[in-house]
Amino acid sequence: MVRNTMRYTVIHDHKTASEYVGKHIENYVKENPSAVLGLATGSTPLGIYEYLSKSKVDFSNSITFNLDEYVGLDETHPQSYRYFMNQHLFKNIKFMKNNFPTSKNYFNYDAITRSSGGIDIQILGIGTNGHIAFNEPGSSEHSATRIVDLTENTIKDNSRFFDNLEDVPKQAYTMGMSSIMGARKIFLLGGRNKKEIMYEAAFDPVNVNIPASYLQEHKNVEFILYD
Ligand code: GLP
């Protein structure tokens, strides 16, 4: 197990944590205009997108790959992840291309990611059950991008964004663990409500019930807990 390459940092607030990651991305893209960025949805990365939305850096040669999308929600649906990204980042910052896993490409998504050079910087949030993207507990470390059944826990957690629990999609397309683990640099962020699961993911033995624990085996990962 390779634990000594992981950094676990506590930053006192969301804004500071977001700016820290946002600045890292800006500097990377300045040096490497054709960067490949792995992006996440949820409340966690919002501060990063707010920071990047005001950036003067040119992102027009960079490509993005989002982690996941609900099955059955198209980009006009306010709870779709594409809609979320359009609202919070893509309407403000022009990239060369924005990729999402969809019914048409999910079986090719890892190949498309590889042919773009692989992900340079991956942003991750974490589910309260330790999922990353929608790699739910039980997902293999070598899993490919695929359609998954969401767990009851995740459906319940994500129902806060929908009118009724029944409206939450039961399936999603998710980037697999293997493309995530292939990213050259990973930032996993979480707030106070993720404190316990982040600690378990970082310091418990690597295990299939906490997919985020696979990150202990990554060579360049930072866990950032903000209070
Ligand atoms: C969803 C997404 C994850 C995200 C998680 C946490 O389940 N599929 O990628 O990390 O929510 O969301 P939040 O940042 O809102 O806590």
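Residues numbered from 1 in each chain as written. Predicted model: local features only at pLDDT ≥ 70, side-chain atom pairs only at ≥ 80, totals over all residues. Heavy atoms only, no water.

Engineer: Help me understand the packing of aromatic side chains, please; the structure alone is not making it clear to me.
Structural biologist: How two aromatic rings sit relative to each other is set out by the distance from centre to centre and by the angle between their planes. Scanning the model with the defined rule gives 15 aromatic pairs in all. Both rings, one in Tyr81 and one in Phe134, keep their centres 6.0 Å apart while their planes meet at 10°; by these two values the pair is stacked. Linking Tyr81 in helix H3 (residues 81-90) with Phe134 in the loop between strand S6 (121-124) and strand S7 (146-149), this pair joins segments that are 53 residues apart in sequence. Each member of the pair, Tyr81 together with Phe134, is buried. Judged by centre distance (6.3 Å) and plane angle (85°), the ring pair of Phe90 and Phe100 falls under edge-to-face. Remark: Phe100 occurs in the loop between strand S5 (97-99) and helix H4 (109-115) and Phe90 occurs in helix H3; sequence separation between them is 10 residues. We note that Phe90, like Phe100, is buried. Among the aromatic residues, those joined into a ring-pair cluster are Tyr8, Tyr199, Phe203 and Phe223. Positioned over the ring face of Phe187 is Lys185, at 4.8 Å from the centre of the ring. (Phe/Tyr/Trp six-rings, centres within 6.5 Å; stacked < 30°, edge-to-face > 60°. Helix = DSSP H or I, 4+ residues; strand = E, 2+ residues; numbered from the N terminus. Buried < 20%, exposed > 50% of the residue type's maximum accessible area, 1.4 Å probe, protein only. Lys NZ or Arg CZ within 6 Å of the ring centre and 35° of its normal.)

Engineer: What am I meant to see in the nonpolar core here?
Structural biologist: If you look at soluble globular proteins, the nonpolar side chains tend to sit buried side by side. Core analysis: the biggest nonpolar cluster contains 36 residues, and Ile25, Leu37, Phe59, Leu89 and Leu189 have the highest contact counts within it. Elements with a contribution of two residues or more to this core: helix H1 (14-31), strand S2 (36-39), helix H2 (46-53), H3, S6, strand S9 (185-190) and strand S10 (221-226). Setting aside residues up to four positions removed in sequence, Phe59 forms contacts with Ile25, Val29, Leu37, Leu52, Ile93, Lys94, Phe95 and Met96. One finds Ala40, Leu67, Ile197 and Tyr214 within the second-largest nonpolar core, a separate group that totals 30 residues. (Core = buried A, V, L, I, M, F, W, Y, C linked by side-chain atoms within 4.5 Å. Contact = heavy atoms within 4.5 Å.)

Engineer: How should the site of the ligand be read in this particular structure?
Structural biologist: Lining the immediate environment of the ligand, one finds 13 residues, of which Ser43, Thr44, Asp68, His131 and Lys194 sit closest. At 3.3 Å, a backbone N or O of Ile126 approaches an oxygen atom of the ligand. One of the backbone nitrogen or oxygen atoms of Ala133 is found 3.2 Å away from a nitrogen atom of the ligand. Contact with the protein chains covers 94% of the free accessible surface of the ligand, which is 390 Å². Considering only residue class, the shell around the ligand consists of four nonpolar, six polar and three charged. (Near = heavy atom within 4 Å. Polar contact = N/O pair within 3.5 Å; in protein donor to acceptor, adjacent residues only side chain to side chain. Areas by Shrake-Rupley, 256 points an atom, 1.4 Å probe, with all protein chains shown as cover. Nonpolar A, V, L, I, M, F, W, Y, C, P; charged D, E, K, R; others polar.)

Engineer: Would you explain the sheet that holds S6 in this entry?
Structural biologist: The pairing of strands in a sheet happens through backbone hydrogen bonds and is either parallel or antiparallel. The parallel open sheet is built from seven strands, whose spatial order is S1-S10-S9-S6-S2-S3-S5. Only two strands of the sheet have a single partner each, and these edge strands are strand S1 (6-11) and S5. The mean angle between the axes of side-by-side strands here comes to 15°, regardless of whether they run parallel or antiparallel. Sheet analysis places S2 next to S6, joined by two bridges and oriented parallel. Across the sheet, the residue bridging to Leu37 is Ile121, located in S6. (Pairing = 2+ DSSP bridges. Axes fitted to C-alpha atoms, helices over the stretch in contact; angles between N-to-C directions.)

Engineer: What should I look at first to understand H2 in this one?
Structural biologist: Side chains three or four residues apart in an α-helix point the same way, a direct result of the helix having 3.6 residues per turn. Taken residue by residue, H2 has Gly47, Ile48, Tyr49, Leu52 and Ser53 as its buried positions. Structurally, H2 contributes buried residues whose contacts are with H1, S2, H3, S6 and S9.

Engineer: Where do I start with the environment of Gly117 in this structure?
Structural biologist: Residue position: Gly117 is located in the loop between H4 and S6. Judged by relative accessible area, Gly117 falls into the partly exposed class, the value being 43%. Sequence separation of Gly117 and His77 is 40 residues, and the distance between their C-alpha atoms is 31 Å.

Engineer: Can you help me understand the side chain of Thr154 in this one?
Structural biologist: Residue position: Thr154 is located in helix H5 (residues 152-158). By relative accessible area, which is 0% here, Thr154 ends up buried.

Engineer: Which parts of the structure should I look at to understand the packing of H2 against H3?
Structural biologist: For any two helices packed against each other, the geometry is given by the interaxial angle and the distance between the axes. Where H2 contacts H3, the two axes come as close as 9 Å, and the packing angle between them is 45°. The pairing of H2 with H3 is recorded here as oblique in orientation. Every residue of H3 that contacts H2 at Leu46, Tyr49, Leu52 and Ser53 is listed here: Phe84, Met85, His88 and Leu89. Of the residues in the contact of H2 with H3, the class split is six nonpolar, two polar and no charged. (Parallel < 35°, antiparallel > 145°, perpendicular 65-115°, else oblique.)

Nothing here speaks to function; it is all geometry.
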